[in-house]
Amino acid sequence: MDVLVVVDMQKDFISGALGTKEAVAIVPRVAEKIAQAKKAGKTVVFTRDTHHENYLQTQEGKNLPVPHCIKGTPGWMLQDEIAAALEQKQCTRVEKVTFGSVMLPRLLYQAAQGQPFTLELVGLCTDICVVSNALMLKANFPEMPICVDSACCAGVTPETHRTALETMRCCQIEVI
């Protein structure tokens, strides 16, 4: 089984409350990556950062006081091109309440049914949610090949994007 994990390609991270020009720039590449996964028969899983009205009272909200990805709001929705690409492929959605998803490793373990698999991650933000999920997956599956496509990721800043990529390299996650 080969798995593509698409991390948090939501409007608030692209053109909304926490959007960046770098995030906007990766959208076509991520949509193409999803299309390629479909052609190759890969399993596609996507995460959606999911907060609620009490976000500013949470630990994350106190440290990042920018309401974003509030469930049901336009910013919580997937970016249109990404949503269209995901609709064309049978995909699994994982809503997560913080940077890394504890459900993601469990879901992949169950789907693999004890068989080896490969993982590739793309998405936003490299330096927060992508790195968190990549490290959680590596900790859960130390013998599975895991890679991150750096051209299909963007960080809060270009510098923190590069730093997160280096962190993942240090933890034996292949960065392409």
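Bear in mind that the values here come from a model prediction, so they are computed numbers and not experimental data.

About the thresholds
- Residues numbered from 1 in each chain as written.
- Predicted model: local features only at pLDDT ≥ 70, side-chain atom pairs only at ≥ 80, totals over all residues.
- Heavy atoms only, no water.
- Helix = DSSP H or I, 4+ residues; strand = E, 2+ residues; numbered from the N terminus.
- Buried < 20%, exposed > 50% of the residue type's maximum accessible area, 1.4 Å probe, protein only.
- Contact = heavy atoms within 4.5 Å.
- Areas by Shrake-Rupley, 256 points an atom, 1.4 Å probe, with all protein chains shown as cover.
- Pairing = 2+ DSSP bridges.
- Axes fitted to C-alpha atoms, helices over the stretch in contact; angles between N-to-C directions.
- Phe/Tyr/Trp six-rings, centres within 6.5 Å; stacked < 30°, edge-to-face > 60°.
- Lys NZ or Arg CZ within 6 Å of the ring centre and 35° of its normal.
- Polar contact = N/O pair within 3.5 Å; in protein donor to acceptor, adjacent residues only side chain to side chain.
- Salt bridge = Lys/Arg side-chain N within 4 Å of Asp/Glu carboxyl O.

### Let's talk about the overall build of the chain
When you go through the chain residue by residue, the secondary structure sums to seven helices and six strands. Each helix and strand of the chain, ordered N terminal to C terminal, gives the series β-α-α-β-α-α-β-α-β-α-β-α-β. Seen through its C-alpha atoms, the chain measures out along the principal axes to roughly 40 × 35 × 30 Å. Residues counted as buried form 48% of the 176 residues belonging to the chain. If you take every contact in the chain between residues at least 6 apart in sequence, the share linking residues at least 24 apart comes to 77%. Of the roughly 8,700 Å² of accessible surface on the chain, a fraction of 55% belongs to carbon and sulfur atoms.

### Observations regarding the sheet that holds strand β5 (residues 146-154)
Backbone hydrogen bonds hold the strands of a sheet together, and the pairing may be parallel or antiparallel. Read from one edge to the other, the open sheet built from six strands follows the order β3-β2-β1-β4-β5-β6, with strand pairing classed as parallel. At either margin of the open sheet sits one strand with a lone partner, and together these are β3 (91-96) and β6 (174-175). Note that β5 and β6 share two bridges and pair parallel. Of the residues in β6, the one forming a bridge with Cys-147 is Glu-174. Along the sheet, helix α7 (residues 158-170) makes contact with β5 and β6, crossing β5 at roughly 175°.

### A few points about the packing of aromatic side chains
Summed over all chains, the structure comprises one aromatic pair. Ring centres of Phe-117 and Phe-141 lie 5.0 Å apart, and the angle between their planes is 75°; on these two criteria the pair is classed as edge-to-face. Of the two residues, Phe-117 sits in the loop between α5 (103-112) and β4 (118-124) while Phe-141 sits in the loop between α6 (126-140) and β5, which places them 24 residues apart along the sequence. The class of Phe-141 is buried, set by a relative accessible area of 8%. Residue placement shows Arg-48 over the ring face of Trp-76; its charged tip is 4.2 Å from the ring centre.

### Side note on the pairing of strand β2 (residues 43-49)
In terms of burial, β2 is largely enclosed, as six of its seven residues are buried. Taken together, the six bridges between β2 and β3 define a ladder with parallel strand orientation. Looking at the pairing, Val-45 lines up with Thr-92 of β3.

### Structural notes on the side chain of Gln-10
Structurally, the position occupied by Gln-10 is in the loop between β1 (2-7) and α1 (11-14). On the basis of relative accessibility, which here comes to 0%, the residue Gln-10 falls in the buried class. One polar contact links the side chain of Gln-10 to the main-chain amide nitrogen of Asp-49, over a distance of 2.7 Å. Among all residues touching Gln-10, those that are not within four sequence positions of it are Thr-47, Arg-48, Asp-49, Cys-69, Gly-75, Trp-76, Met-77, Leu-78 and Gln-79.

### With respect to the pattern of salt bridges
Here the structure, examined in full by the defined rule, presents nine salt bridges. One salt bridge in this structure joins Glu-120 and Lys-33, with 2.7 Å as the shortest N-O distance. Of this pair, Glu-120 sits in strand β4 while Lys-33 sits in helix α2 (residues 21-40), and the two are 87 residues apart along the sequence. Residue class for Lys-33 comes out buried when judged on its relative accessible area of 13%. Salt-bridge contacts for Lys-96 lead to Asp-49; the nearest nitrogen and oxygen are separated by 3.5 Å. One end of the pair, Lys-96, is in strand β3; the other, Asp-49, is in strand β2, and 47 residues separate them in sequence. Pair check on accessibility: Lys-96 and Asp-49 agree, each one buried. When salt bridges that share partners are traced, they join Lys-33, Lys-42, Glu-120 and Asp-149 into one network.

Honestly, it's all geometry; don't read function into it.
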